[in-house]
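Breakdown of the fold
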Amino acid sequence: MVETSYIAKRIGELIAKKETFTDISIHEDRMMQFITPRGTLRDDHWISRDDIDAFARMIAKLQDDPEISKLTGKDGLRQLLLQKREAIDRTITLPDCHLRVNFFLQDLGKLAMSVRKHPLKIPNIQPHTIPPQTLEYLTRVQPGLILFYGRTNSGKTTTIKGLLEKINQTQDGHIITIEDPIEYSQEDNKCLISPKQIGIDVNSYASGLRDALRQHPSHIMVGEIRDRATMETALHGAESGITVIATIHARDPATVLWKILKWFPDNIDQTAFSLANTLRAMVGCTMLPTQNKDAFIVATEYLLNDVLHATGPAIAKAISTATPTGLQTLCEIMSEDYPANKGLHRQLNDALFKLYTQGTVTQEAAINASNQPSTLSNRIFKHKTRN
């Protein structure tokens, strides 16, 4: 008989009620917190160490987990985490969704866990997230580097998976994904799909990417670029005629590229030259609640490095400067007010302003999601004054 758990029962109730949530934070001696479109909600039950331990044992029995199933006693999970000295990731597949669970220690050895919910099926990319003509560019662009950026839980992975699924439906190829963990499962359509999970199929992003280059891929997805070794291999793949799609934690294109260049202090000019020649696009993601607060949507900004477009030379020049000031020019090029833009690129504020004027999101949500909130606030104020 599978052991019941208060945590499992509570999560099950939320899913059964079709309550929209993205993340749950569960800490020993604290109340559960749920991230929803209505804000952060708190449970009225104080979580004990036994509650988290019981949830771990339940997962072990349901999934025949060889590591967690060895736990003995009510303090088994904590002892395992102390022994491993690193967090434990697990994915649970339910009839309605996937749950990614991360067990860890905090506050001097107290148990905690985070839960992230993903739909079973990869959502299609909606026009308000990426317009059809931009999505077409991203799926058909010549081989090179496509970088997605944004903070944690901004919709980067979901948007990338939507892009890969579009490619899978329309092109022949071999898509390799390197993830930690695998968040969505994809079935072969026109493409062969080879998902790889760090710690099981490959040792690291860098080694997984290095191996993937020899496995005849058309596209490689890298869950996150965190270091020089991974970035170096990604550039090599892009220069070799492969489309490499990856995420980086950063707030705008200038920050993304400066973060990359700082990994190569001894070779900064050559790295800038490689980026100028291989970078095909940068897409920034942010997630915000809809106006009626019953769902989340993803808004994006993007810079498309189309060498045949009027902004192509300016983009290449900005990247080649290899300086923060020069790179900041990229953010200006993305503005709809930039003379040569002509609708190819988009700033986040332009996307958020459109969502607000269409009544899709509230003013508060748009400003909170902005990377330039004061600028957007002034723009909305002028819009209200005129109307």
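Residues numbered from 1 in each chain as written. Predicted model: local features only at pLDDT ≥ 70, side-chain atom pairs only at ≥ 80, totals over all residues. Heavy atoms only, no water.

**Here we look at the overall build of the chain**
Looking only at helices and strands, the chain has 14 helices and 13 strands in total. Against the compact-globule benchmark of 21 Å for 387 residues, the chain has a radius of gyration of 22 Å, which places it among compact chains. By the burial criterion, 52% of the 387 residues in the chain qualify as buried. Pairs at least 24 apart in sequence give 59% of the contacts found in the chain among residues at least 6 apart. Approximately 18200 Å² of the chain is accessible, and the part contributed by carbon and sulfur atoms is 50%. In the chain, 45 side chains carry a positive charge and 44 a negative one; their mean positions are 3 Å apart. (Helix = DSSP H or I, 4+ residues; strand = E, 2+ residues; numbered from the N terminus. Rg over C-alpha atoms; globule rule 2.2 N^0.38 Å. Buried < 20%, exposed > 50% of the residue type's maximum accessible area, 1.4 Å probe, protein only. Contact = heavy atoms within 4.5 Å. Areas by Shrake-Rupley, 256 points an atom, 1.4 Å probe, with all protein chains shown as cover. Lys, Arg positive; Asp, Glu negative; His and termini not counted. Charge placed at Lys NZ, Arg CZ, Asp CG, Glu CD.)

**A short note on the sheet that holds strand β8 (residues 173-179)**
Strands sit in the order β9-β8-β10-β11-β7-β12-β13 across an open sheet of seven strands; the sheet is mixed. Here the strands that pair on one side only, and so sit at the sheet edges, are β9 (191-197) and β13 (296-304). For this sheet, the mean angle separating the axes of adjacent strands, direction not counted, is 15°. Note: strand β7 (residues 145-149) against strand β11 (residues 243-248), five bridges, orientation parallel. The partner of Leu-145 across the bridge, within β11, is Val-244. (Pairing = 2+ DSSP bridges. Axes fitted to C-alpha atoms, helices over the stretch in contact; angles between N-to-C directions.)

**Quick notes on helix α12 (residues 348-357)**
Every α-helical turn comprises 3.6 residues, leaving residues that sit three or four positions apart pointing alike. Taking burial as the measure, the 10 residues of α12 include eight buried ones, the bulk of the element. In this structure, the buried residues of α12 make contact with β12 (279-289), β13, α13 (363-369) and α14 (373-386). Just past α12, the residue Gly-359 takes up positive phi, approximately 80°.

**Brief notes about the sheet that holds strand β2 (residues 31-36)**
The antiparallel open sheet is built from six strands, whose spatial order is β3-β2-β1-β6-β5-β4. The sheet terminates laterally at β3 (39-46) and β4 (88-93), the two strands that pair on one side only. Taken pair by pair, the neighbouring strands of this sheet meet at an average axis angle of 20°, ignoring direction. Running over the sheet, helix α1 (residues 6-16) touches β1 (23-27), β2, β3, β5 (97-106) and β6 (110-119) and is turned about 25° from β2. Contacts from helix α2 (residues 49-63) reach β1, β3, β4, β5 and β6 within the one sheet, and its direction differs from that of β6 by about 50°.

**Overview of the pairing of β7**
With five of five residues buried, β7 lies mostly within the body of the structure. Burial along β7 is two-sided: the residues Leu-145, Leu-147 and Tyr-149 and Ile-146 and Phe-148 are all buried. Examined bridge by bridge, β7 and β12 share five bridges and lie parallel to one another. When the sheet's bridge partners are listed, Tyr-149 is paired in β12 with Gly-284.

**So, the nonpolar core**
When a protein is soluble and globular, its nonpolar side chains tend to lie buried together. By size, the foremost hydrophobic cluster in this structure holds 44 residues, and its most contacted members are Leu-145, Leu-147, Met-231, Ile-260 and Leu-330. Per element, the largest residue contribution to this core is five residues, and it comes from helix α8 (residues 253-262). If we skip the residues at most four places from it in the chain, Ile-260 touches Leu-147, Met-231, Ile-248, Thr-271 and Leu-275. Of all hydrophobic cores here, the second largest spans 29 residues; its members include Phe-21, Leu-77, Leu-99 and Phe-103. (Core = buried A, V, L, I, M, F, W, Y, C linked by side-chain atoms within 4.5 Å.)

**Quick word on the packing of aromatic side chains**
Two descriptors summarise a pair of aromatic rings, namely the distance from one centre to the other and the angle between the planes of the rings. This structure, assessed with the given rule, holds one aromatic pair. Between Phe-55 and Phe-103, the ring centres sit 6.4 Å apart and the planes meet at 55°, which makes this aromatic pair tilted. Of this pair, Phe-55 sits in helix α2 while Phe-103 is found in strand β5, placing the two residues 48 residues apart along the sequence. Each member of the pair Phe-55 and Phe-103 is classed as buried. For the cation-ring pair, Lys-117 lies above Phe-21, with the distance from its terminal atom to the ring centre recorded as 4.5 Å. Note that Arg-379 overlies the ring of Phe-353, its terminal NZ or CZ placed 4.2 Å from the centroid. (Phe/Tyr/Trp six-rings, centres within 6.5 Å; stacked < 30°, edge-to-face > 60°. Lys NZ or Arg CZ within 6 Å of the ring centre and 35° of its normal.)

**Details of the packing of α1 against α2**
Between α1 and α2, the shortest axis-to-axis distance is 7 Å and the interhelical angle comes to 75°. Here α1 lies roughly perpendicular to α2, going by the angle between them. Across from Tyr-6, Ile-7 and Ala-8 in α1, the residues of α2 making contact are Asp-51, Ile-52, Phe-55 and Met-58. For the contact of α1 with α2, the residue count by class is six nonpolar, no polar and one charged. (Parallel < 35°, antiparallel > 145°, perpendicular 65-115°, else oblique. Nonpolar A, V, L, I, M, F, W, Y, C, P; charged D, E, K, R; others polar.)

**Structural notes on the pattern of salt bridges**
Enumeration according to the criterion identifies 18 salt bridges in this entry. Residues Arg-100 and Glu-183 are paired through a salt bridge, measuring 2.1 Å at the closest nitrogen-oxygen approach. A residue pair is termed long-range when its members are at least 10 positions apart, and Arg-100 in strand β5 and Glu-183 in the loop between β8 and β9 qualify at 83 residues. Exposure remark for Glu-183: the relative accessible area of 11% places this residue in the buried category. Two residues, Glu-224 and Arg-226, come together in a salt bridge whose shortest N-O distance is 3.1 Å. Among the residues examined, Arg-226 registers a relative accessible area of 46% and is labelled partly exposed. Taken together, the shared-partner salt bridges connect Arg-10, Glu-13 and Asp-43 into one network. (Salt bridge = Lys/Arg side-chain N within 4 Å of Asp/Glu carboxyl O.)

**Focus: the side chain of Asn-168**
Within the secondary structure, Asn-168 sits in helix α5 (residues 156-170). Looking at Asn-168, the relative accessible area reads 0%, which means it is buried. In this structure Asn-168 touches Ile-175, Glu-187, Asp-188, Asn-189, Lys-190, Cys-191 and Ile-193, once residues within four positions along its chain are discounted.

**Overview of the environment of Thr-233**
Topologically, Thr-233 is positioned in helix α7 (residues 228-239). Along the primary structure Thr-233 and Met-58 are separated by 175 residues, whereas in three dimensions their C-alpha atoms are 40 Å apart. Those residues in contact with Thr-233 that sit more than four places away from it in its chain are Ala-206, Leu-209, Arg-210 and Leu-213. Polar side-chain contacts of Thr-233 include one of 2.9 Å to the backbone oxygen of Ala-229. (Polar contact = N/O pair within 3.5 Å; in protein donor to acceptor, adjacent residues only side chain to side chain.)

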